[in-house]
Amino acid sequence: MTAPAAPAAHIHRPTRPPGALVIEIEGVTKLYKMGAEIIHALRGVQLTIRRNEYLAIMGPSGSGKSTLMNMLGCLDTPTDGRYDFNGKNVAHMVDDELAEIRNREIGFVFQTFNLLPRSDALHNVELPLIYAGMSPSARRERALAALSNVGLADRIHHKPNELSGGQRQRVAIARALVNNPSIILADEPTGNLDSKTGEEIMALFEQLYDQGQTIIVVTHEEDIARHARRIVRLRDGLIESDARVH
Amino acid sequence: MLLNEILRMAFASLGVNKLRSFLTMSGITIGVFSVIGVMTTVSAMRGSIETGLSFLGSNMFQIGKYPTGPTTDGASRRRIESRRNITFAEAQRYQQLMESATDVVCLKVFNRDGPVQATYGNRKTEPGLSFGGTNEHFLAANQYGVELGRNFTAEDVDLGRPIIIIGQDVRKKLFPAETPLGKLIKVGGRAYTIIGVFAEKGTNFGQSQDDILMVPITRFLSDFGAARFSINIATQAPSQERYNETLDKGITAMRIVRGLKSDEDNDFEIYSNDSLIAAFAKVADAVRAGALVISGIALLAASVGIMNIMLVSVTERTKEIGIRKSIGARRISILIQFLIEAIVLSLTGGLVGILFGVLAGNGLAMWMKASIVFPWDWAGIGLLVCTAIGVGAGLYPALKAARLDPIESLRYE
Ligand SMILES: Nc1ncnc2c1ncn2[C@@H]1O[C@H](COP(=O)(O)OP(=O)(O)O)[C@@H](O)[C@H]1O
Ligand SMILES: [Mg+2]
């Protein structure tokens with residue numbers, strides 16, 4: 001392993017005390033049927049995540065990271081097992097109920113940014129608030145605040161193709177933040193960025209963590225995972241290890 | 001989610017594929033245009049036809065050899081062609097029989113020898129005048145007035161005097177400065193003395209009614225050959241209340257005059273303002289029905305086009321749908337978004353069709369000197385139909401979009 005790029009950041013970094021329970025999953029399995037074949041993507045996962053945590057989910061390709069992440073993000077439901085989100089059982093919720101949880105409680109950050117290509121930064125960030133039914137003036141104010149929080153106050157009317165990769169990811173992070181979600185879920189957030197820009201994004205996550213956000217990052221890079229305060233390692237659909245880092 | 005937000009998104013995404021949206025819309029535009037254009041023309045013309053056809057005057061019916069409307073089948077055309085002309089003697093006999101029922105029986109015939117020109121000295125009119133013979137009841141039966149000079153008298157008709165009453169167009173052309181009364185003009189190779197000038201009447205269906213020349217019917221028949229003409233008889237009932245009674249008497253009188261047995265059909269036509277308007281209405285109904293069928297087919301094809309484009313659009317925008325769902329769009333929001341897009345396509349096409357249809361219809365109507373109308377009822381129906389088409393064609397694609405799995409759609413490239 002190479003030395004951390006910014007060792008100074010690691011010396012002073014504080015770990016905030018964990019708060020209330022946000023995610024509690026127990027005995028979660030996920031099966032995919034591929035014709036006659038049954039794939040066990042998750043084989044009985046147990047995990048609790050509290051407010052103020054900064055967690056990395058790691059594991060080799062095919063270990064079930066994305067499947068777990070989709071489940072945590074309420075994009076999918078488990079085949080079996082229990083999943084409570086903020087004390088609410090979401091394991092058996094239907095599409096629209098899950099959509100509401102995603103809208104109010106979860107902020108997604110994707111590897112490929114997933115911005116609407118023809119909308120400017122402001123509209124992209126406003127979108128979750130539009131679906132939440134917020135009034136135009138209130139959501140504009142919130143979106144502007146989120147964009148300036150990620151350092152893009154001067155880019156609000158730029159479209160994604162007029163922004164750099166790092167700037168696009170910042171817009172996506174602003175969009176994830178804008179609804180004051182319980183957790184931010186990032187799937188390989190630096191996967192499409194060069195290492196310097198990746199470090200900038202990880203610094204931004206650090207800043208958000210300091211501001212009181214709860215963050216879950218899925219990654220296969222140790223350098224990225226090291227920013228988290230806790231690392232969960234998956235292998236073949238099972239949790240191999242779950243450890244705090246300092 | 002707010003409606004104006006959805007509308008904004010719909011217009012934005014339709015704007016991305018401007019040509020495609022335009023082509024899809026144009027199907028609807030053509031369908032709506034054809035129906036609105038025809039309906040506008042028909043309504044615009046109906047008003048002027050109803051006033052135009054009232055040239056017969058009120059409470060009048062007319063008897064003649066030929067029907068007014070087009071005769072479609074050969075059999076009835078042959079039957080009508082084989083009818084005997086209504087002779088002047090028959091018309092006079094009819095007049096006698098009707099004496100107790102009404103005072104106003106107007107007889108008239110019109111020139112059949114090609115364009116007519118009137119000359120006075122070295123001045124002449126354009127060819128194409130209406131030239132005919134009539135009696136003293138022409139004014140009442142055809143709603144003309146005499147501005148200068150006098151009307152025909154019964155005596156003028158009995159004696160067949162070579163006299164003439166001219167229309168304003170003729171007066172202006174031949175006598176721009178001097179009085180026409182007492183002057184001798186030549187029409188159809190014959191000379192007539194002017195005894196009167198009709199009051200100006202204006203145009204009807206774009207045709208001047210002031211380019212007219214009338215002589216006593218007896219004179220006309222002897223000058224141009226009595227046997228060649230079939231007399232037209234217009235009868236005016238004394239009042240609205242006595243119209244039906246007078247009409248019955250008229251039919252009976254005409255059957256007596258024509259020597260028909262009780263089992264024989266009428267060998268003449270009877271028509272009134274009402275029957276002329278009804279004849280127009282029949283033609284108008286057929287035109288309307290045709291327009292409805294054609295535009296129905298066009299709209300059906302157009303709605304298939306909209307559904308096709310919406311399905312393509314849903315597939316192309318799978319990723320977008322996945323993004324929207326991941327940040328909390330519910331099924332209904334996605335459904336409404338795509339439905340509104342389909343409705344906007346269809347309604348915009350429809351509005352353009354209505355606009356052009358009304359313009360074209362009124363243009364045609366104006367060309368035929370009818371007054372301008374806006375067919376609110378058809379425009380309203382058009383918009384409703386377009387909305388229904390939008391919903392009908394957009395529902396399946398929108399449902400498909402709403403039901404997409406968020407994970408799969410996010411993965412779509
Ligand atoms: N939609 C799916 N259909 C079938 N198999 C799937 C599907 N998604 C994931 N899998 C399988 O489940 C396993 C775990 O996949 P995934 O969660 O994507 O792993 P990771 O993100 O760690 O690479 C893999 O074997 C993968 O092939
Ligand atoms: Mg993965």
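Please refer to the structure higher up on the page.
Residues numbered from 1 in each chain as written. Chains lettered and ligands numbered in written order. Predicted model: local features only at pLDDT ≥ 70, side-chain atom pairs only at ≥ 80, totals over all residues. Heavy atoms only, no water.

(A) How the structure looks around the interface of chain A and chain B. Counting residues at the interface gives 25 residues for chain A and 22 residues for chain B. Roughly 2,200 Å² is buried in total at the junction of chain A and chain B, and carbon and sulfur atoms are behind 60% of that figure. On the surface where chain A and chain B come into contact, there are three salt bridges. For arginine 139 of chain A, the salt bridge identified is with glutamate 5 of chain B, shortest N-O distance 2.5 Å. (Contact = heavy atoms within 4.5 Å. Buried area = accessible area lost by both parts, 1.4 Å probe. Salt bridge = Lys/Arg side-chain N within 4 Å of Asp/Glu carboxyl O.)

(B) Highlighting empty space enclosed by the protein. As enumerated under the stated definition, the model contains two cavities of 30 Å³ or more in all. There is about 70 Å³ of room inside the largest cavity. In terms of lining, the largest cavity is formed by Arg102, Asn103, Ile106, Gly107, Phe108, Pro128, Arg175, Ala176 and Asn179 of chain A together with Ser326 and Ile327 of chain B. Elements with a contribution of two residues or more to the lining of the largest cavity: helix H3 (95-105), strand E6 (106-109) and helix H6 (165-177) of chain A. Sorting elements by how many residues they give to the lining of the largest cavity places E6 of chain A first, with three residues. Here the residues of the lining of the largest cavity sort into five nonpolar, four polar and two charged. Broken down by element, the residue count for the lining of the second largest cavity peaks at four residues, all from H3 of chain A. (1 Å grid on protein atoms, 1.4 Å probe; cavity = no way out; pocket = protein on both sides within 12 Å on 5 of 7 lines; lining within 4 Å. Points joined across faces, edges and corners; volume = space filled by probe spheres on them. Helix = DSSP H or I, 4+ residues; strand = E, 2+ residues; numbered from the N terminus. Nonpolar A, V, L, I, M, F, W, Y, C, P; charged D, E, K, R; others polar.)

(C) Molecular detail of the pattern of salt bridges. Residues and elements named next belong to chain A. Tallied over the entire structure, the rule returns 43 salt bridges over all chains. Between arginine 230 and glutamate 53 there is a salt bridge, and its shortest N-O distance comes to 2.9 Å. Of this pair, arginine 230 sits in strand E9 (residues 230-235) while glutamate 53 sits in the loop between strand E2 (37-50) and strand E3 (54-58), and the two are 177 residues apart along the sequence. As far as the burial class goes, arginine 230 and glutamate 53 line up, both buried. Salt bridges here are not isolated pairs; linked through shared partners, they connect Glu24, Glu26, Arg82 and Asp84. (Buried < 20%, exposed > 50% of the residue type's maximum accessible area, 1.4 Å probe, protein only.)

(D) Representation of the layout of surface pockets in the model. In this structure, the second largest pocket encloses a volume near 370 Å³. As for the second largest pocket, its lining consists of 15 residues, and the residues nearest its centre are Ser66, Phe110 and Asp187 of chain A together with Leu410 and Arg411 of chain B. Breaking the lining of the second largest pocket down by element, the ones donating at least two residues are helix H2 (65-72) of chain A together with helix H14 (406-411) of chain B. Taken together, the residues of the lining of the second largest pocket sort by class into five nonpolar, five polar and five charged.

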